[in-house]
Amino acid sequence: MIEPRTLKGFRDHLPAQALARERVLDIARRVYRSYGFAPIDTPALEYLEILTGKGSEETDKQLYRFQDHGGRDVGMRFDLTVPFARFAAQHLHDLGLPFKRYHMATVWRGENTQRGRYREFMQCDFDTIGTTSPVADLEMLLVVHDLLAAIGVERFTIRVNDRRVLAGILARLGLAERATSVLRSLDKLGKATPEAVAAELAGQGVAADAGAALLEMAGLSGPADDVLMRLESLVGGVEAGQCGVKALRGIVAGARDAGVAEGRIVIDPSIARGLDYYTGIVLESFLDDLPALGSICSGGRYDDLAGLYTKQPLPGVGASLGIDRLLAGLEELGRAATVETPAEVFLVYFDEAHLGDYLRIAAALRAGGMAVEFFPEPKRMGQQLKLASKRGFPAALVIGSDEFAAGTAQLKNLAAQQSQTIDWHGDLRVLVDAVHSCLESMREGR
RNA sequence: GUGGCUGUAGCUCAGUUGGUUAGAGCAUCGGUUUGUGGUACCGAGGGUCGCGGGUUCGAGUCCCGUCAGCCACCCCA
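Keep in mind that this is a model prediction, so the values were computed, not measured.

Another aspect to go through is the overall build of chain A. Looking only at helices and strands, chain A has 16 helices and 16 strands in total. Structurally, chain A occupies a C-alpha span of about 90 × 60 × 45 Å along its principal axes. Each of the 446 residues in chain A was classed as buried or not, and the buried ones make up 48%. Approximately 22,000 Å² of chain A is accessible, and the part contributed by carbon and sulfur atoms is 51%.

Right, here's the structure in full:
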């Protein structure tokens, strides 16, 4: 016997999880499309040279790599951005600019696992390339907002910043050359205490007053307009910094115009993002009830997506939803769906003599747009109903010889434990309409 | 990748200072006379105690390794 098992960080998905996952994927697809992003796909495997060097040394270490049967050095994609860069450079002529795409696919990273951190997980990216317009920046924010709202996460916050603000402040403090390490330290503020971060900064040789200024900046919170005003003075006369503040003002105003509720979006000067290719707006989003889970949707603007693969400059802006982390969070919060069936109607196989009728009824209901599971064996009705109830079917349809004789049917609301009689007189259309409207009202009732 | 904690039936756990056939609840399956489901009663199946090695007369119980999960660092979705 071979022990059935899965690799560290790799997981199976049972129906309840898989259904929850597909639901989120459907929503993401719908939201992305509603802004005009078009789907693309790329191979899981790329030439190693495409994947290495890009990103940081860290990602190189995490890369799954091997030689294929033809002796080629290949690697599995660890995100969707690098393959997109290759894709854009390769197909630029066919795409036209600006180009908006979404890409929902599995990626692999050989890093250590934790809750919400796996070695195989899915990302749902969307990007706009070939434009530097602030409208594209704003649109990214709106997509993230719509996405989280549509998923039904009630309490979430999108934290926004602009790299140029950070750059401006660092320049003013004379720390521009140490930007990466300083920002990395500041980025820890969510988890570590300000004192700890101050100590770390001091360890990097940052002067005490400069460190204090950085912490003051990173600690700013409150209404967006207030924070922006404070940032403006902190940035002083540095041009990049002023640009950043101005851009954030535009974002805040645009979000208001688009009808985003106050408080959903917060200006957070401590958001830096580890990836150093971001150059403008950056954002991260968190579940308010589970901030320790980390960002579930992050992104930002970058100057050049595909500089490694083409001379054509491709500025862009985009973000990525970490669906597996999100689902892990929802599960922990007890907000994960427990339904184990995609079907709405469970048709009880009651009377073997009426098999033909059941098949006709099931077909008619399906043609009417309803998902129907017909039980394959004429087992005891109690067992069938129990199973249907456990699987989470909203409704069960019971039609035995008595009902056939009377031209009726019993439709059970399995959750409410209620039953109602449908008079359909052998007319399938009447039955289909009745079941349909019953399901409608049951959905409203929830 | 580094460090720490954990690992007993599908799930949550109990298992005396190492000692004969490893238990419970829930879940699963079957039944309570053959047309009605989350309740009740009866019964059944299911565990090489993560895996491998060592110490011992004897290990679920001690030691080492390994695998997996969780936590921190790191990085990030």
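Having seen the model, we can carry on.
Okay, the domain arrangement of chain A next. Taken domain by domain, chain A holds domain 1 (15–332) and domain 2 (345–443). Using only C-alpha atoms to locate each centre, domain 1 and domain 2 end up separated by 49 Å.

With that settled, the discussion passes to the nonpolar core. Within soluble globular proteins, side chains that are nonpolar tend to cluster in buried spots. Ranked by size, the top nonpolar core spans 75 residues in total, and within it Tyr32 and Leu231 carry the most contacts. Among the elements that line this core, the one with the most residues is helix H5 (residues 134–151), at 10 residues. Apart from residues no more than four positions distant in its own chain, leucine 231 is found in contact with Val165, Ile169, Met217, Leu220, Val245, Ile267 and Pro269.

Our focus in this paragraph is helix H14 (residues 381–391). What H14 keeps buried is the set Gln384, Leu385 and Ala388. Take H14 and look down its axis: the buried residues cluster within an arc of 95°, on one side only. Facing away from the buried side of H14 by over 90 degrees, the exposed positions are Lys386 and Lys390. Looking at the packing, one finds that the buried side of H14 touches strand E12 (345–347), strand E14 (395–398) and strand E15 (408–413). In the segment just after H14, glycine 392 is the residue with positive phi, at about 90°.

To continue, consider the packing of helix H7 (residues 179–186) against helix H8 (residues 194–203). Contact geometry of H7 with H8 gives a least axis separation of 9 Å together with a crossing angle of 165°. Taken together, the axis directions place H7 and H8 in an arrangement best described as roughly antiparallel. Where H7 crosses over H8, the two elements pack in a sense that is right-handed. Counted together, Val182, Ser185 and Leu186 of H7 and Val197, Glu200 and Leu201 of H8 form the full contact between these two elements. By residue class, the composition of the contact of H7 with H8 is four nonpolar, one polar and one charged.

Burial runs high along strand E5 (residues 99–108): nine of the 10 residues are buried. Summarising the sheet, strand E1 (residues 38–39) and E5 pair through two bridges and their orientation is parallel. Following the sheet pairing, proline 39 is matched in E5 by tyrosine 102. Sheet topology places E5 next to strand E6 (residues 120–129); 10 bridges connect them, and they run antiparallel. Counterpart to tyrosine 102 in the pairing with E6 is phenylalanine 126.

Taken together, 47 residues sit near RNA strand B, with Arg117, Arg184, Asp402, Gln410 and Gln417 positioned nearest. Those atoms of RNA strand B that come within 4 Å of the protein belong to sugar or phosphate at a rate of 46%. The side chain of glutamate 111 places a nitrogen or oxygen atom 3.0 Å from a base nitrogen of RNA strand B. In the environment of RNA strand B, a phosphate oxygen lies 3.3 Å from a nitrogen or oxygen atom belonging to the side chain of lysine 379. Secondary-structure elements contributing two or more residues to the surface near RNA strand B are E6, strand E10 (297–302), H14, helix H15 (401–406) and E15. If you tally residues by element for the surface near RNA strand B, the top one is H14, at seven residues. Partitioned by chemical class, the residues of the surface near RNA strand B number 11 nonpolar, 18 polar and 18 charged.

Attention shifts here to the packing of aromatic side chains. Scanning the entire structure with this criterion turns up 12 aromatic pairs. With a centroid separation of 6.2 Å and 75° between ring planes, the pair formed by phenylalanine 10 and tyrosine 64 is classed as edge-to-face. Taken together, the residues phenylalanine 10 in the segment before helix H1 (15–34) and tyrosine 64 in the loop between helix H3 (57–62) and strand E3 (65–67) connect sequence positions 54 residues apart. With a centroid separation of 5.3 Å and an interplanar angle of 75°, the aromatic rings of phenylalanine 37 and phenylalanine 126 are classed as edge-to-face. Of the two residues, phenylalanine 37 sits in the loop between H1 and E1 while phenylalanine 126 sits in strand E6, which places them 89 residues apart along the sequence. One aromatic cluster in this structure is built from Tyr32, Phe37, Tyr102 and Phe126. The ring of tyrosine 118 carries the charged tip of arginine 11 above its face, separated from the ring centre by 3.5 Å. Above the ring of phenylalanine 84, the side-chain terminus of arginine 101 is found at 4.0 Å from the ring centroid.

Rules used in this analysis
Residues numbered from 1 in each chain as written. Chains lettered and ligands numbered in written order. Predicted model: local features only at pLDDT ≥ 70, side-chain atom pairs only at ≥ 80, totals over all residues. Heavy atoms only, no water. Helix = DSSP H or I, 4+ residues; strand = E, 2+ residues; numbered from the N terminus. Buried < 20%, exposed > 50% of the residue type's maximum accessible area, 1.4 Å probe, protein only. Areas by Shrake-Rupley, 256 points an atom, 1.4 Å probe, with all protein chains shown as cover. Domains from an automatic or database assignment. Core = buried A, V, L, I, M, F, W, Y, C linked by side-chain atoms within 4.5 Å. Contact = heavy atoms within 4.5 Å. Arc of directions from axis to C-beta. Axes fitted to C-alpha atoms, helices over the stretch in contact; angles between N-to-C directions. Parallel < 35°, antiparallel > 145°, perpendicular 65-115°, else oblique. Left-handed = near helix turned anticlockwise from the far one by under 90°. Nonpolar A, V, L, I, M, F, W, Y, C, P; charged D, E, K, R; others polar. Pairing = 2+ DSSP bridges. Near = heavy atom within 4 Å. Polar contact = N/O pair within 3.5 Å; in protein donor to acceptor, adjacent residues only side chain to side chain. Phe/Tyr/Trp six-rings, centres within 6.5 Å; stacked < 30°, edge-to-face > 60°. Lys NZ or Arg CZ within 6 Å of the ring centre and 35° of its normal.

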